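# Fold and contact review
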Amino acid sequence: MALLIIMRIPILILAILSLSCGAVHQFAPPTPLKHNGFQSNIVISYDFNHFTPIPSISMNFYLGLGKNYNFGFGYQPPLGVSHLTLLKYLKKDPNKYGMLNITVYDVFPTLGVVKPNMEIGGSYIIKDGIRYSLISGGLWVFLNGNDPNALWWGYFNPTYRPYKIRPYIRPFFKYNLFYNDFRFGIQNYIGLAKPILSNDLRKTHQARRPIIRYRDIDRIEFNQDKFDMIIIMKDRSTYKIVDTYPYDAWFPLPEDFQKLRLLAYNKAGSGNYYYVMSYDSMGTGGKYELHGFDILELNLENIKQAYSNQQDIIITIDNKEKDRAILRKVHWYINDWSIAIGSWTR
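Residues numbered from 1 in each chain as written. Predicted model: local features only at pLDDT ≥ 70, side-chain atom pairs only at ≥ 80, totals over all residues. Heavy atoms only, no water.

## Looking at the overall build of the chain
Broken down by element type, the chain carries 7 helices and 17 strands. Buried positions account for 47% of the 346 residues belonging to the chain. In the chain, the proportion of contacts linking residues at least 24 apart, taken out of those at least 6 apart, comes to 60%. Element-wise, carbon and sulfur atoms account for 60% of the exposed surface of the chain, whose accessible area totals about 17,400 Å². (Helix = DSSP H or I, 4+ residues; strand = E, 2+ residues; numbered from the N terminus. Buried < 20%, exposed > 50% of the residue type's maximum accessible area, 1.4 Å probe, protein only. Contact = heavy atoms within 4.5 Å. Areas by Shrake-Rupley, 256 points an atom, 1.4 Å probe, with all protein chains shown as cover.)

This is how it looks when you write it as structure tokens:
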């Protein structure tokens, strides 16, 4: 038992780190670096969209290319490269000048993390002694569909066919403050949270709708072994239903992260989002193999009632009013903000 617990700890830590991947704060250098000059920073950020339960930790690295150009890239553990950035400084006045930037996000497929795919903008930089203020704005473009990473994933998997991918263009606003080695930033990618949740809801309703025939059910147990419901079939296969993420049973996959986002807004209407795990019987030795793993919207009372009435069970519900209630909770002026603090590390 002790060995099993020790083996699960790294998986749990990795899962928590994966969930912490929020919006990217770059804290790009407020001045052009010398040719081959180098600067890096470490950033802790928090998003107000409730998609990440804990702050995100990331690092950014910048290299001077000469002629007032900097090149940068970001690293967000454990996912890898989070962005590539090219910066051009328009430094005519040493205390007040501009900067142009183009940034590409989601450079590699990530674990269900959604960010704008591309950002084009500029900054007005004010220098006051050792303090720099950057007021930034521009447009960001992302692909809205079943998989917002599809722009890049298509290069790695030519057979991938995402569902109704559409480009979205929205404005963004940022303010960054540099004071010695300290950085503070606040930003808003207007309209980011709502389409993500809309995608999550659609994917949830597109999930398979398993039908369990009453004649095939041996028994149903409630609140057993930390599960809300266990449906045991006559062929000894089993459905286990739980409303909290079973980290010890399954490592999060990209499609699983939608449930964690939906939970933050799941307050209206009946039903709830549950994990449904199906196990195939492996014989008389009592061993089972995890066969399927779904995120479904369920009403446990309806399942109990159907079983009591000796009816077949459809393990999912569609609640359009609840979907609308969830989306009504999302506002760009509340949920699309992100704040961060950072420090120079070189």
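Picking up where we left off.
## Things to note about the environment of L300
With respect to the element layout, L300 can be found in helix α5 (residues 300–308). A relative accessible area of 14% places L300 in the buried class. C-alpha separation for the pair L300 and D228, spaced 72 residues apart in sequence, amounts to 8.5 Å. With sequence-adjacent residues up to four places away left out, L300 is seen in contact with D228, M229, I241 and Y274.

## Some words on the pattern of salt bridges
Where charged atoms from two side chains of opposite charge approach closely, those side chains can pair. Tallied over the entire structure, the rule returns 7 salt bridges. With a shortest N-O distance of 3.8 Å, D218 and R236 are connected by a salt bridge. Of this pair, D218 sits in strand β11 (residues 217–224) while R236 sits in the loop between β12 (227–233) and β13 (238–242), placing them 18 residues apart in sequence. Notably, a salt bridge pairs E221 with R219, separated by 2.9 Å at the nearest N-O pair. Look at the salt bridges and you will find they share partners, linking D218, R219, E221 and R236 into a network. (Salt bridge = Lys/Arg side-chain N within 4 Å of Asp/Glu carboxyl O.)

## Topic: the nonpolar core
Residues F51, W140, Y189, L197, Y265 and I326 are the most contacted members of the largest nonpolar core, which totals 18 residues. Listing elements by their share of this core, those giving two or more residues are β7 (131–144), β8 (166–179) and α3 (193–206). Considering each element in turn, this core owes the most residues, 4 residues, to α3. Counting residues in hydrophobic clusters, the runner-up holds 17 residues, among them I212, Y239, Y274 and L300. (Core = buried A, V, L, I, M, F, W, Y, C linked by side-chain atoms within 4.5 Å.)

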